[in-house]
Amino acid sequence: AQTVTQSQPEMSVQEAETVTLSCTYDTSESNYYLFWYKQPPSRQMILVIRQEAYKQQNATENRFSVNFQKAAKSFSLKISDSQLGDTAMYFCAFMKPLRDDKIIFGKGTRLHILP
Amino acid sequence: ETGVTQTPRHLVMGMTNKKSLKCEQHLGHNAMYWYKQSAKKPLELMFVYNFKEQTENNSVPSRFSPECPNSSHLFLHLHTLQPEDSALYLCASSKIIGQEAYEQYFGPGTRLTVT
């Protein structure tokens, strides 16, 4: 069975700093997706970034980028030039791209951006 | 409206009431999901519908009854709930093509309080 581990329950950084959130996962699959979702205080779960396992190039979305290390089963999220609006719970998630399969979520990292 | 919408956003109900949560997706997706998010617990998948067919019932008590009349609408009918059912209920949708599934997009959630 697949597992997703986020080892940092909570983090705080100053506005404009760069922060990296850690995620490791365990799977025997070779083809899968990894995601980072953000859940701000408004509670809406928002897809931040997506990585396909077969792609060697790390995904980027504006200030958000990932460091995907397939052999190490590591998938960290880097937020550059952090903003107050980045304050949220961040969930790492794993999914096999199969019709009846589930997304496996980590327990989340609560990120506080301090003014 | 765009994305995934949920109504109501907040609901307070007594243990003997019957109410329904509604979810609508405007993304052209063909799979829909109900999740329960309680404080300090991981996101729990409750039900999955693929092409209007229920494919997952994750040992959810019968006081929760899902309904999916078409691929754009999903309901969760609630009856004789318990205080421990108080939680944020999130709806999500995704695209499925053949046997391949893609990332899920979430609605803003319904905050349910059972008194």
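Look a little higher up for the structure.
Residues numbered from 1 in each chain as written. Chains lettered and ligands numbered in written order. Predicted model: local features only at pLDDT ≥ 70, side-chain atom pairs only at ≥ 80, totals over all residues. Heavy atoms only, no water.

Looking now at the packing of aromatic side chains. For the coordinates displayed, the defined rule picks out 16 aromatic pairs over all chains. Note on Tyr-35 of chain B and Phe-106 of chain B: the rings are 5.4 Å apart at their centroids and 45 degrees apart in plane angle, and the pair reads as tilted. Pair noted here: Tyr-35 of chain B is in strand 4 (residues 31-37) and Phe-106 of chain B is in strand 12 (residues 105-106), with a separation of 71 residues, a long-range link. The same class applies to Tyr-35 of chain B and to Phe-106 of chain B, which are both buried. Through successive ring pairs, a cluster of aromatic residues spans Tyr-33, Phe-35, Tyr-37, Phe-91 and Phe-105 of chain A together with Tyr-33, Tyr-35, Tyr-102 and Phe-106 of chain B. Here the guanidinium or amino end of Arg-50 of chain A rests over the ring plane of Tyr-33 of chain A, the centre of that ring lying 4.5 Å away. In this arrangement the basic side chain of Lys-95 of chain B is found over the ring face of Tyr-102 of chain B, its NZ or CZ atom lying 4.8 Å from the centre. (Phe/Tyr/Trp six-rings, centres within 6.5 Å; stacked < 30°, edge-to-face > 60°. Helix = DSSP H or I, 4+ residues; strand = E, 2+ residues; numbered from the N terminus. Buried < 20%, exposed > 50% of the residue type's maximum accessible area, 1.4 Å probe, protein only. Lys NZ or Arg CZ within 6 Å of the ring centre and 35° of its normal.)

This structure, assessed with the given rule, holds 2 disulfides over all chains. Between the sulfur of Cys-23 of chain A and that of Cys-92 of chain A lies a disulfide, 2.0 Å long from S to S. On the sign convention where negative is left-handed, the bridge of Cys-23 of chain A and Cys-92 of chain A, at about -70 degrees about the S-S bond, is left-handed. Of this pair, Cys-23 of chain A sits in the loop between strand 3 (19-21) and strand 4 (24-26) while Cys-92 of chain A sits in strand 10 (residues 88-95), placing them 69 residues apart in sequence. Grouping residues by exposure puts Cys-23 of chain A and Cys-92 of chain A together as buried. In this model Cys-23 of chain B forms its disulfide with Cys-91 of chain B; the gap between the sulfur atoms is 1.9 Å. Between Cys-23 of chain B and Cys-91 of chain B, the S-S dihedral sits near -75 degrees, and the bridge is therefore left-handed. Of this pair, Cys-23 of chain B sits in strand 3 (residues 18-25) while Cys-91 of chain B sits in strand 9 (residues 87-94), and the two are 68 residues apart along the sequence. (Disulfide = S-S within 2.5 Å.)

Right, let's talk about the nonpolar core for a bit. Residues and elements named next belong to chain A. Grouped together as the largest cluster of nonpolar side chains are 26 residues, with contacts concentrated most on Leu-21, Tyr-25, Trp-36, Phe-75, Leu-77, Tyr-90 and Leu-111. Residue assignment for this core shows that the elements contributing at least two residues are strand 2 (10-14), strand 3, strand 5 (33-39), strand 6 (46-52), strand 8 (64-69), strand 9 (74-79), strand 10 and strand 12 (109-114). Element by element, the count of residues in this core is highest for strand 10, at 4 residues. (Core = buried A, V, L, I, M, F, W, Y, C linked by side-chain atoms within 4.5 Å.)

Moving on: the layout of surface pockets. The volume enclosed by the largest pocket comes to roughly 410 Å³. Considering the residues around the largest pocket, the lining is formed by 17 residues, among which Met-89, Lys-107 and Arg-110 of chain A together with Lys-40 and Lys-41 of chain B are closest to the centre. Looking at the lining of the largest pocket residue by residue, the classes come out as 6 nonpolar, 5 polar and 6 charged. (1 Å grid on protein atoms, 1.4 Å probe; cavity = no way out; pocket = protein on both sides within 12 Å on 5 of 7 lines; lining within 4 Å. Points joined across faces, edges and corners; volume = space filled by probe spheres on them. Nonpolar A, V, L, I, M, F, W, Y, C, P; charged D, E, K, R; others polar.)

Here we come to the interface of chain B and chain A. Contacts between the two partners involve 25 residues from chain B, matched on the other side by 19 residues from chain A. A combined buried area of about 1900 Å² lies between chain B and chain A, and 52% of that area is made up of carbon and sulfur atoms. Arg-50 of chain A is paired through a salt bridge with Glu-103 of chain B; the nearest N and O atoms lie 3.2 Å apart. Linking chain B with chain A are 6 residue pairs in polar contact (both at pLDDT 80 or more), by the criterion used here. Elements with a minimum of two residues in the side of chain B that touches chain A: strand 4, strand 5 (44-50), strand 6 (53-57), strand 9, strand 11 (100-101) and strand 12 of chain B. Here the side of chain B that touches chain A is composed, by residue class, of 12 nonpolar, 8 polar and 5 charged. (Contact = heavy atoms within 4.5 Å. Buried area = accessible area lost by both parts, 1.4 Å probe. Salt bridge = Lys/Arg side-chain N within 4 Å of Asp/Glu carboxyl O. Polar contact = N/O pair within 3.5 Å; in protein donor to acceptor, adjacent residues only side chain to side chain.)

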